[in-house]
Amino acid sequence: MLAFVIAFFSILWLIKHKTSWGLDHPNSRSLHSVPVPRTGGLGLFLAVIITWLFFWVMVPMTVWVGISLLIIVSFADDVEHLPVWCRLLVQIVAAAVFSTDLLLQAYGWMSVLCATAAIVWVSNLYNFMDGSDGLAGGMAVIGFGYYGLFAYLAENYDFAVINFSIAAAALAFLIHNFYPARIFMGDVGAIPLGFLAAVLGILGWMNNLWSVWLPLLVFSPFIADSTVTLIKRLIRGKRIWLAHREHYYQRIIQSGFGHRNTALSGYALMLIVGGSAVWACRQDVTVQYGVVAIWGSIYLILMLISDWHQKYYSDRG
């Protein structure tokens, strides 16, 4: 409740006191048509940080360092558009500090390198998927809500509060961001949220709250869309760091399905995927990996249908 109330009213204040430097102006790659404030992430993380401090939850210092660095550089990018190398360098530092501190002694350098790459990727894919009203905010509510539920069921209440506070703040943001959005979260919200999705997933695994595959499954709608889209752009020789409208969710919106229906469909998908993860987590390991394989097949089929649909209508046009 504390996280929700602080986020709701701080974001409301940001909407009413919008400034020219904090506006997201539409361009050829945008899905919105009028300038919209992109400072919602500030209110969201203000609520999360105050809640963590108020309840004295045990958040590793490397997580504090990581989100602090990412909030600062992402906010600067929202205002001044920093070079790609600058943003990426800070993201790598934040991920490497966390991975080295938590994994090096127990698992070695290879695990540190893999975890660093995974954290940087998830941080960016969350930003890639923040391009439609209500989508990224709703996914944060559901994803971190499932993290909190798993921690609660495992009676790790400290870790549950950490995740539920993020979900609650994201819900407050979603009220302002659902179509038609009055505010966007911006890089200052999306990049740290992606970072937390990855590092809290790793921490839950290290604390024996869930298997390593569970965070991947919970956030799989984002991971599948962004990863496949990136690979396809790399194959075609396109610059992957440039904004575009080739994600599957963007193509669905442009086909006439709309922001609202796309967001609601994404919520339904993530709820079902997360629900299957909750069920599978209590089953034999063979069943767990079977669930992962089934969802991988479902995503592949859906993407192939979408690609065929786009090619069919582009050929006819």
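As the structure is a computational prediction, the values presented were derived from the model and not from experiment.

Draft legend 1. Inspection of the overall build of the protein chain at higher detail. For the protein chain, the helix and strand inventory stands at 13 helices and 2 strands. In terms of overall dimensions, the protein chain is globule-like: its C-alpha atoms have a radius of gyration of 19 Å, near the 20 Å expected for 317 residues. Along the first, second and third principal axes, the C-alpha atoms of the protein chain reach 55 × 50 × 35 Å. Looking at the protein chain residue by residue over its 317 residues, the buried ones come to 51%. Relative to all contacts within the protein chain whose residues are 6 or more apart in sequence, the contacts with residues 24 or more apart total 73%. Split by element, the accessible area of the protein chain, about 15,200 Å² in all, is 69% carbon and sulfur. The average position of the 17 basic charges and that of the 15 acidic charges among the side chains of the protein chain differ by 11 Å.

Draft legend 2. Representation of the packing of helix α5 (residues 109-128) against helix α10 (residues 220-235). Close contact between α5 and α10 brings their axes to 9 Å; oriented N to C, the two are set at 90°. As far as their axial angle goes, α10 and α5 are roughly perpendicular. Counted together, Trp121, Leu125, Tyr126 and Phe128 of α5 and Phe222, Ile223, Ser226, Thr227 and Leu230 of α10 form the full contact between these two elements. Across the contact of α5 with α10, the residue classes break down as 7 nonpolar, 2 polar and no charged.

Draft legend 3. Molecular detail of a nonpolar patch on the surface. Together, Met61, Val65, Leu69, Trp85, Leu89, Val93 and Val97 make up a nonpolar patch on the protein surface, roughly 650 Å² of accessible area in all. Ranked by residue count, the leading element in the nonpolar patch is helix α4 (residues 84-107), at 4 residues. When its relative accessible area of 61% is taken as the criterion, Trp85 is described as exposed.

Draft legend 4. Structural detail: the pattern of salt bridges. Under the criterion given, the structure shown has 2 salt bridges. Salt-bridge contacts for Asp77 lead to Arg87; the nearest nitrogen and oxygen are separated by 3.4 Å. Taken as a pair, Asp77 in helix α3 (residues 61-80) and Arg87 in helix α4 lie far apart in primary sequence, 10 residues in all. The partner of Lys232 in a salt bridge is Asp307, with the nearest N and O atoms 3.0 Å apart. Within this pair, whereas Lys232 is found in helix α10, its partner Asp307 is found in helix α13 (residues 285-316), the two being separated by 75 residues in sequence. For Lys232, a relative accessible area of 23% gives the class partly exposed.

Draft legend 5. Representation of the nonpolar core within the structure. The biggest cluster of nonpolar side chains holds 93 residues, and the ones touching the most others in it are Trp52, Phe144, Leu193, Leu196, Leu200 and Phe219. At 12 residues, helix α8 (residues 186-206) tops the list of elements feeding residues into this core. Those residues in contact with Trp52 that lie beyond four places of it in its chain are Val57, Val59, Trp64, Ile67, Ile162, Ser165, Ile166 and Leu196.

Draft legend 6. Focus on α4. At Thr100, α4 shows its maximal kink, close to 45°. When we look at burial in α4, the residues that qualify are Val90, Gln91, Ala94, Ala95, Phe98, Ser99 and Leu103. Lining the buried residues of α4 we find α3, α5 and α8. Trailing α4 by a residue or two, Gly108 shows a phi angle of about 90°, which is positive.

Draft legend 7. Inspection of the packing of aromatic side chains at higher detail. Counted according to the given criterion, the structure contains 17 aromatic pairs. For the pair Phe144 and Tyr147, a centre-to-centre distance of 5.8 Å together with 85° between the ring planes defines the contact as edge-to-face. Of this pair, Phe144 and Tyr147 both sit in helix α6 (residues 135-153), 3 residues apart, roughly one helical turn. Grouping residues by exposure puts Phe144 and Tyr147 together as buried. Taking the centre distance of 6.0 Å and the plane angle of 35° together, the rings of Trp295 and Tyr299 count as tilted. Pair noted here: Trp295 and Tyr299 are both in helix α13, with a separation of 4 residues, about one helical turn. Tyr299 carries the same exposure label as Trp295, and that label is buried. Linked through ring pairs, Tyr126, Phe144, Tyr147, Phe150, Phe159, Trp210, Phe219 and Phe222 together constitute an aromatic cluster.

Thresholds, definitions, all that
Residues numbered from 1 in each chain as written. Predicted model: local features only at pLDDT ≥ 70, side-chain atom pairs only at ≥ 80, totals over all residues. Heavy atoms only, no water. Helix = DSSP H or I, 4+ residues; strand = E, 2+ residues; numbered from the N terminus. Rg over C-alpha atoms; globule rule 2.2 N^0.38 Å. Buried < 20%, exposed > 50% of the residue type's maximum accessible area, 1.4 Å probe, protein only. Contact = heavy atoms within 4.5 Å. Areas by Shrake-Rupley, 256 points an atom, 1.4 Å probe, with all protein chains shown as cover. Lys, Arg positive; Asp, Glu negative; His and termini not counted. Charge placed at Lys NZ, Arg CZ, Asp CG, Glu CD. Axes fitted to C-alpha atoms, helices over the stretch in contact; angles between N-to-C directions. Parallel < 35°, antiparallel > 145°, perpendicular 65-115°, else oblique. Nonpolar A, V, L, I, M, F, W, Y, C, P; charged D, E, K, R; others polar. Patch = residues over 30% accessible without salt bridge, like charges linked within 9 Å, V, L, I, M, F, W, Y side chains within 5 Å. Salt bridge = Lys/Arg side-chain N within 4 Å of Asp/Glu carboxyl O. Core = buried A, V, L, I, M, F, W, Y, C linked by side-chain atoms within 4.5 Å. Bend = angle between axes of the 7 residues up to and from the residue. Phe/Tyr/Trp six-rings, centres within 6.5 Å; stacked < 30°, edge-to-face > 60°.

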